[in-house]
Amino acid sequence: MTMRQDYPAVQTLLQQAALDTDLKNIAEKILRQERITPADGLTLFEKGDIGFLGALANHVRERMHGDKTYFNRNFHIEPTNVCVFTCHFCSYSRLYKNREDGWELSIDQMMDIVKSYDGQPVTEVHIVGGVHPKMQLDFFVELIKQIKAHRPDLHVKGFTAVELDYMFRKAKVSVDEGMRILNEAGLQSMPGGGAEIFHPDVRAKICHDKVDADGWLAIHRAAHNRGMVTNATMLYGHIESYEHRIDHMERLRQLQDETHGFNTFIPLKFRNKGNDMSDIPESSIVEDLKLYAVARLYMDNFPHLKAYWPMLGRNTAQLTLSFGVNDLDGTIDDTTKIYSMAGAEEQNPSMNTAQLAHLIKQAGRKPVERDTVYHEIKDYTDVVFSDEELLAK
Ligand code: V47
Ligand code: SF4
């Protein structure tokens, strides 16, 4: 086995006389590339300090990916923020009866967004939004077909399991049938949203009326069975306990053992502006970094760990690159409102390729542009950017 640069750092940690025996045993398992148990995961949250967790998670990250840090060039389409559900953490949605306060895009309006990227080297469109009672399966099949007819090479990643669960029930089709219809229309992968916290005690309090854990997992299983890849998220830093986080990650790890269809795990930090949970303080940066590190150590069968910079902010996103993260999502181009409406620092999230690559280099890592399924497009390590590119708004 090659000894990576940080291996001595982990060895030094293990030799500390004061190191807790449980933590030492877990670290030794990780160095032997053995799976850690739910109890080990809990111990890491409860006893691991930021230095210990960071060194171990960084060791795993570098064993898997070296210094490579992936990003892609993408844009989002948010068809609507009108939603039949009432998730208490959501700052973005409007009920159908208040739909004049929200937005509802027609297929033509969404195609205008797609066409506005003609000639630009974007590789992915990410489609996600509220669950509108009148935007149904046929509508989205038509949208996907028009996108693929206009630009066949654009990867269509779309719809959370929450949107799909509603769409399939409304169209009275089974999950497998619904997935077949969308996949044949041109849907290639699914984002990871809607997972929140799977445990029913938490779900009942924060998002009682949408698809439950088993329903969410069944939709991802159906996608994986068709050969589609998907992501998984976890909304953390509100009322959940460490046990709930481990339970969430364990359910995902088990499905991944079965299907190997997940690409990326994306912890999403709860932001508390403009929603029913605004009285709950946001997690500290130390808690955020510890969570990323534990996620990297626990989710041993997930190839990638993503920090979503529009939600975390650029500075924290840079720090996560030393706590297990190897992906920073995409250039986004100011096309998502989910986090700006919930109080994220990034009110107009947009970075050009030079800025995103520079951010990664500043953290001492190698920026690599990828497509949705992690084919490498270009290594930017030795590319020199002009001030004009770096300072562009
Ligand atoms: O499921 C909603 C989250 C998610 C808040 O797969 C909030 O590549 C924090 O899943 N504070 C949707 N989070 C977005 C999503 C996503 C984003 C980027 C990349 C990918 C991917 C997926 O947004 C929802 C919910 O968990 N969310 N409100 C809030 N106040
Ligand atoms: Fe609707 Fe999604 Fe907001 Fe829940 S998080 S209310 S499902 S838009």
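Residues numbered from 1 in each chain as written. Chains lettered and ligands numbered in written order. Predicted model: local features only at pLDDT ≥ 70, side-chain atom pairs only at ≥ 80, totals over all residues. Heavy atoms only, no water.

- The chain has the name Aminodeoxyfutalosine synthase in an unreviewed UniProt entry, where Chitinophaga qingshengii is given as its organism.
- Regarding the chain, the UniProt comment filed under Pathway (unreviewed entry) reads as follows: "Quinol/quinone metabolism; menaquinone biosynthesis."
- Under the UniProt heading Catalytic activity (unreviewed entry), the note attached to the chain is "3-[(1-carboxyvinyl)-oxy]benzoate + S-adenosyl-L-methionine + H2O = 6-amino-6-deoxyfutalosine + hydrogencarbonate + L-methionine + H(+)". (UniProt positions renumbered as here; feature names shortened; annotations may be inferred.)

### Some words on the site of ligand 2
Argument step 1. Residues in contact with ligand 2, as listed here, are Cys83, Phe85, Cys87, Phe89, Cys90, Ser93, Gly130, Val162 and Lys210.
Argument step 2. Classifying every residue of the shell around ligand 2 gives six nonpolar, two polar and one charged. (Near = heavy atom within 4 Å. Nonpolar A, V, L, I, M, F, W, Y, C, P; charged D, E, K, R; others polar.)

### Comments concerning unusual backbone geometry
Both trends apply: most residues other than glycine have a negative phi, and most peptide bonds are in trans.
Argument step 1. Positioned with a positive phi, Glu196 is a non-glycine residue whose angle comes to about 50°.
Argument step 2. One can find Glu196 in the loop between strand E5 (189-190) and helix H9 (200-206).
Argument step 3. Phi at Tyr374 takes a positive value of approximately 70°, unusual for a residue other than glycine.
Argument step 4. Positionally, Tyr374 belongs in the loop between strand E10 (366-370) and strand E11 (376-379). (Helix = DSSP H or I, 4+ residues; strand = E, 2+ residues; numbered from the N terminus.)

### Comments concerning the packing of aromatic side chains
Argument step 1. If you walk through the whole model with that rule in mind, you get 13 aromatic pairs.
Argument step 2. Ring plane angle 10° and centroid distance 3.9 Å describe the contact between Phe75 and Tyr117, whose orientation is recorded as stacked. You can see Phe75 sitting in strand E2 (residues 74-77) and its partner Tyr117 sitting in the loop between helix H5 (107-115) and strand E3 (124-127), a full 42 residues away along the chain.
Argument step 3. In this structure Phe75 comes out as buried when scored by relative accessible area, which is 0%.
Argument step 4. With 4.9 Å between their ring centres and 65° between their planes, Phe140 and Phe159 make a pair best called edge-to-face. Residue Phe140 is located in helix H6 (residues 137-150), and its partner Phe159 is located in the loop between strand E4 (155-158) and helix H7 (161-170); the two are separated by 19 residues in the primary sequence. For the residue pair Phe140 and Phe159, the accessibility class agrees, reading buried in each case.
Argument step 5. Aromatic rings pair up to connect Phe198, Trp216, Phe262, Phe265 and Phe302 into one cluster.
Argument step 6. The side chain of Arg99 reaches across the aromatic face of Tyr96, ending 4.0 Å from its centre.
Argument step 7. Lying over the aromatic face of Tyr374, Arg370 brings its terminal NZ or CZ to 4.3 Å of the ring centre. (Phe/Tyr/Trp six-rings, centres within 6.5 Å; stacked < 30°, edge-to-face > 60°. Buried < 20%, exposed > 50% of the residue type's maximum accessible area, 1.4 Å probe, protein only. Lys NZ or Arg CZ within 6 Å of the ring centre and 35° of its normal.)

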